[in-house]
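Chain and residue survey
So the chains spell out like this:
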Amino acid sequence: MGYANLRELQTALTTASDIASALQSAPTRRDADQLVDVLRRALTAASSLGAETGPTGCAIHPHGAVDPLYGDPEDPLPPGYGKCLLCNDRRRRADAHHPHPRPHAHAYPLRRRRLSV
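What you are looking at is a predicted structure, and each value in this text was computed from that prediction instead of being measured.

Scanning the protein chain from terminus to terminus reveals 3 helices and 0 strands. Along the protein chain, helices (α) and strands (β) appear in the sequence α-α-α when read from the amino end. Here the protein chain holds 117 residues, and 20% of them are scored as buried. Here the contacts in the protein chain between residues at least 6 apart in sequence split such that 39% fall between residues at least 24 apart. Of the roughly 9700 Å² of accessible surface on the protein chain, a fraction of 57% belongs to carbon and sulfur atoms.

A word on the packing of aromatic side chains. According to the stated counting rule, one finds 0 aromatic pairs in the structure shown. If you follow Arg-91 out to its NZ or CZ, it ends over the ring of Tyr-81, 5.6 Å from the centre.

The subject of this paragraph is the pattern of salt bridges. The final tally for this structure, using the stated rule, is 4 salt bridges. Note that Asp-67 is salt-bridged to Arg-92, the shortest N-O span being 2.6 Å. Of this pair, Asp-67 sits in the loop between helix 2 (29-47) and helix 3 (85-96) while Arg-92 sits in helix 3, placing them 25 residues apart in sequence. With relative accessibility at 3%, the residue Asp-67 sits in the buried group. The partner of Asp-89 in a salt bridge is Arg-93, with the nearest N and O atoms 3.0 Å apart. Taken together, the residues span about one helical turn, with Asp-89 and Arg-93 both in helix 3 at a distance of 4 residues.

This brings us to the nonpolar core. Counting 5 residues, the largest nonpolar core consists of Leu-9, Ala-12, Ala-42, Ala-45 and Leu-49. Within the residue set of this core, elements represented by two or more residues are helix 1 (3-22) and helix 2. Excluding residues that lie within four positions of it along the chain, Ala-42 makes contacts with Leu-9, Ala-12 and Leu-13.

The residue Ala-4 is located in helix 1 in this model. Judged by relative accessible area, which is 28%, Ala-4 ranks as partly exposed. C-alpha separation for the pair Ala-4 and His-63, spaced 59 residues apart in sequence, amounts to 9.9 Å.

This part takes up the packing of helix 1 against helix 2. Running from N to C, helix 1 and helix 2 cross one another at 160°; their axes reach a closest spacing of 8 Å. Relative to helix 2, the element helix 1 lies roughly antiparallel. In this structure, helix 1 crosses over helix 2, and the sense of that crossing is left-handed. Packed against helix 1, whose contacting residues are Asn-5, Glu-8, Leu-9, Ala-12, Leu-13, Thr-15, Ala-16, Ile-19 and Ala-20, the element helix 2 presents Asp-31, Gln-34, Leu-35, Val-38, Leu-39, Arg-41, Ala-42, Ala-45 and Ala-46 at the interface.

This paragraph deals with helix 1. Taking 1.5 Å as the rise per residue, helix 1 with 20 residues should run 28 Å; its terminal C-alpha atoms sit 29 Å apart, in good agreement. Those residues of helix 1 that fall on the buried side of the exposure criterion are Asn-5, Glu-8, Leu-9, Ala-12, Ala-16 and Ile-19. One side of helix 1 holds all its buried residues, which, seen down the axis, span an arc of 100°. Residues Tyr-3, Ser-21 and Ala-22 are exposed on helix 1 and point more than 90 degrees away from its buried face.

Calculation criteria
Think of each chain on its own: its residues are numbered from 1, step by step along the sequence as written. The predicted nature of this model means local features are confined to residues of pLDDT at least 70 and side-chain atom pairs, given and counted, to a pLDDT of 80 or more, with totals for whole chains, interfaces and linings taken over all residues. Based on all heavy atoms of the structure, the side-chain values leave hydrogens and waters out of the count. Numbering of helices and strands runs from the N terminus, with a helix taken as a DSSP run of H or I at least four residues long and a strand as a DSSP run of E at least two residues long. Burial classification: accessible surface area is computed with a 1.4 Å probe over protein chains only, and a residue below 20% of its type maximum counts as buried, one above 50% as exposed, and the rest as partly exposed. Throughout, a residue-residue contact means that at least one pair of heavy atoms, one from each residue, lies within 4.5 Å. The Shrake-Rupley method, run with a 1.4 Å probe, gives the accessible areas here. Residue values count only the displayed protein chains as cover. Stacked, tilted and edge-to-face pairs are distinguished by plane angle, under 30 degrees for stacked and over 60 for edge-to-face with tilted covering the rest, among Phe, Tyr and Trp rings (Trp via its six-membered ring) whose centres lie within 6.5 Å. By the criterion adopted, a ring carries a charge over it if an Arg CZ or a Lys NZ lies within 6 Å of its centre and within 35 degrees of its normal. The term salt bridge refers to a pairing of a side-chain nitrogen on Lys or Arg with a carboxyl oxygen on Asp or Glu at a separation within 4 Å. The term nonpolar core refers to a set of buried residues drawn from Ala, Val, Leu, Ile, Met, Phe, Trp, Tyr and Cys, joined through side-chain atoms within 4.5 Å. Here an angle of 0 to 180 degrees is reported between the N-to-C directions of two axes, which are lines fitted to C-alpha atoms, with helices fitted over the stretch in contact. Here the word oblique covers every angle except those under 35 degrees (roughly parallel), over 145 (roughly antiparallel) and from 65 to 115 (roughly perpendicular). Left-handed describes a crossing whose near helix is turned anticlockwise from the far helix by less than a right angle; the clockwise case is right-handed. A helix's residues, less one, multiplied by 1.5 Å, set its expected span. Of all possible arcs, the one meant is that of the directions from the helix axis to the C-beta atoms.

Here it is in structure tokens:
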């Protein structure tokens, strides 16, 4: 059980409690979806408490740093990104740097002209 997993569980449960306390007598679908998302995050954190993978859940960096943007609803991570800050940083650098675009394939073959001598 890592400190990061325990802290994530506590944060998710506190958030779920705050959302549940603020619900009106007739909650909207958005309110219910928000509560379900937070409870799923709490369930994931609770199930990872005994896991040996470490706080990041990463096979390469099991005890690395957790990305601070993980689980941030205002600035979510792109699809495919996990909790590992090191792997996410590598993905960000790869996404930001495209050295040479691939040439476009032509629908027809290019013909070379013969030069008359």
